[in-house]
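# Coordinate analysis (summary)
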Amino acid sequence: MSENLAATAPVPVLARTAGLIRWIERRPGAAFGGFLAVHFVVWTVLPALLYANLPLDLIEALVYGREWQLGYDKLPPLPWWLIEAVHRVFDADIAYYATAQIAVLVAIALVFALARPLVGTTGALLAILIADGLHYFQYTAVKFNHDVIQLPFWALAGYAFHAALRRGGLGSWCLLGFAMGGALWAKYFVVVLAVPYALFMLFDRQARRALTTPGPWLALCVALIVAAPHIVWLFQSDFLPLAYASHRAAPARGWFDHVLHPAVFFGSQIFFLLPSFLIAAPMFWRPEGKISLVQPFDRRIVTLLAFGPGLTTIALAAMTGRGAVAMWGYPLWLFLGVWLVMAARAAFDTARLARIIGAWAIVFMIFVLAFIINYLVLPPLDHRYRAVLFPGDRLGQALTARFHDATCQSPDCTSLRYVIGSMWDGGNLAHYSKDQPQVLIDGLPARAPWIDLDDLRDKGAMLVWTQGYPHQVPAAFAAIAPGAELGQPFDLPMRRGNGSVHVGWAILKPR
């Protein structure tokens, strides 16, 4: 074994890693458990230590989630409900980051469960290490949002789809329906998941046989039942959130956008996949003619899972000419590692296994170091604005105290019940204030229809803005809160590094 590894690592490294590699060879399932533990601890603790303020996605979740609506003006409600539940149970920032990692690890575990009977436990472990090269599952997955909550539903859909086509049990079809319905609650991007699955069942001769069984139709019924409350809300709201989705996708300006936009999206995904390709590269170096035992039908299903949603996204961008946001790639490549392991023609001997694990460790440490440098080392040096260093706690304390000072006429003073501000400014004030007020987002009742404007005027409100002219109430805020008394602007230093936030504020006193 030492001779095999000698070409790939210095002797001191061999002395420290040879035992670990041997252990992984003997117990790949336990190694997978260790991987899950390391991934969870590192990517839960790092943001808890280095994020001085909650990021926008979590501030937004806490603004929306507390209202428990079936739908909102931007996106489906599931991740916002989950964060609100976590807030009520734990009320600790680290719990939000742990929730994100739980979603990631559930998805990873489901991919592992699909891969294990196809490529063995060691092959399944390597498939996971390859997929983990994507920043979607590491650096950027610490911010729990709609992209992150998609991951377990998409992974469950792939696992259930394979199981349903191979074994045909109604339970697997029900699981597929649940995954599809749940994915709609997560994000409307589910369309690029459902379309290739349906097309595969139509055009693959072996898969098409399932259409003559109750399974696919049961899956469709379950998906509709799971998604029904939100679908009804969408019809009642005239599909309000789709305007936000349309706004996020760059419009088509001419025929060239039908080529440019899909090409840009494709290029962004290839760039993001480079670390995964680096991890997978040793599998394809000097292949030894390994005979694959994977059945052709399994291979076709995994090929669909690995590439179908991504190709569908690119095809839709080409047909519509609309831009596709690079971060929409979050769930697209969950099964790419499985496909690469199946495609590899090399045996996983000790030396090759060491190279793959070593490549993954390098990529993992690069992501960790980049995170530490970005949020700890660079803030005093580059003067770049970072939302997670925003002084939200001081903002909440300062403006809550000013509201109490201006409105309390007795020991039984009224708490701050309402904030008028942007999602970021108002959301930070609301979350970090001990009074936990509601937010009238952007001063627009249409964005927060659950707020009773008469009650807002009866109870009073704090107006806050950090953009524009601090000595003048923004027009939208003034329109909804006429008579608000302008306060003296003040500055708050950022939580780490240089820079400060200029705070404009006004008080609408209780009526």
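Below you will find a few notes about this structure. (Residues numbered from 1 in each chain as written. Predicted model: local features only at pLDDT ≥ 70, side-chain atom pairs only at ≥ 80, totals over all residues. Heavy atoms only, no water.)

## Side note on empty space enclosed by the protein
Counted according to the given criterion, the structure contains 1 cavity of 30 Å³ or more. Volume-wise, the largest cavity comes out at about 40 Å³. Around the largest cavity sit W154, L193, Y197, L305, P309, P331, L332, L334 and F335, which together line it. Elements with a minimum of two residues in the lining of the largest cavity: α9 (191-203) and α14 (296-320). (1 Å grid on protein atoms, 1.4 Å probe; cavity = no way out; pocket = protein on both sides within 12 Å on 5 of 7 lines; lining within 4 Å. Points joined across faces, edges and corners; volume = space filled by probe spheres on them. Helix = DSSP H or I, 4+ residues; strand = E, 2+ residues; numbered from the N terminus.)

## Examining the packing of helix α18 (residues 392-407) against helix α19 (residues 423-432)
Following both chains from N to C, one finds α18 and α19 inclined at 75°, their axes separated by 8 Å at the closest point. Comparing their axes, α19 and α18 come out roughly perpendicular. Taking contact as the criterion, the partners of G392, D393, L395, G396, L399 and T400 in α18 are, on α19, D425, N428, L429 and Y432. Of the residues contributing to the contact of α18 with α19, the split by class is 4 nonpolar, 4 polar and 2 charged. (Axes fitted to C-alpha atoms, helices over the stretch in contact; angles between N-to-C directions. Parallel < 35°, antiparallel > 145°, perpendicular 65-115°, else oblique. Contact = heavy atoms within 4.5 Å. Nonpolar A, V, L, I, M, F, W, Y, C, P; charged D, E, K, R; others polar.)

## Section: the side chain of S276
Within the secondary structure, S276 sits in helix α13 (residues 257-284). Setting aside anything within four residues of it in sequence, one finds S276 in contact with I130, A131, G133 and L134.

## Observations concerning the packing of aromatic side chains
Overall, the coordinates contain 32 aromatic pairs when judged by the stated rule. Measuring from centroid to centroid gives 5.5 Å for Y51 and F371, while their planes differ by 35°, and the two rings are tilted. Within this pair, whereas Y51 is found in the loop between α3 (28-50) and α4 (56-65), its partner F371 is found in helix α16 (residues 350-377), the two being separated by 320 residues in sequence. Neither residue differs from the other here; Y51 and F371 are each classed as buried. With a centroid separation of 6.2 Å and an interplanar angle of 80°, the aromatic rings of W255 and F256 are classed as edge-to-face. Pairwise contacts between aromatic rings join F32, F35, W43, Y51, Y97, F112, Y139, W360, F364, F371 and Y375 into one cluster. (Phe/Tyr/Trp six-rings, centres within 6.5 Å; stacked < 30°, edge-to-face > 60°. Buried < 20%, exposed > 50% of the residue type's maximum accessible area, 1.4 Å probe, protein only.)

## Details of the side chain of S172
Position of S172 relative to the elements: it lies in helix α8 (residues 170-186). Using a relative accessible area of 16% as the deciding quantity, one classes S172 as buried. When neighbours within four sequence positions are excluded, S172 is seen to be in contact with A160, A163 and A164.

## Quick look at the layout of surface pockets
Its boundaries defined by the atoms lining it, the largest pocket holds a volume of some 1000 Å³. What lines the largest pocket is a set of 37 residues, and nearest its centre among them are L75, K187, A245, R248 and W328. Mapped by element, the contributors of at least two residues to the lining of the largest pocket are α4, α7 (146-167), α9, α12 (241-248) and α14. Element by element, the count of residues in the lining of the largest pocket is highest for α12, at 5 residues. Across the lining of the largest pocket, the residue classes tally to 22 nonpolar, 7 polar and 8 charged.

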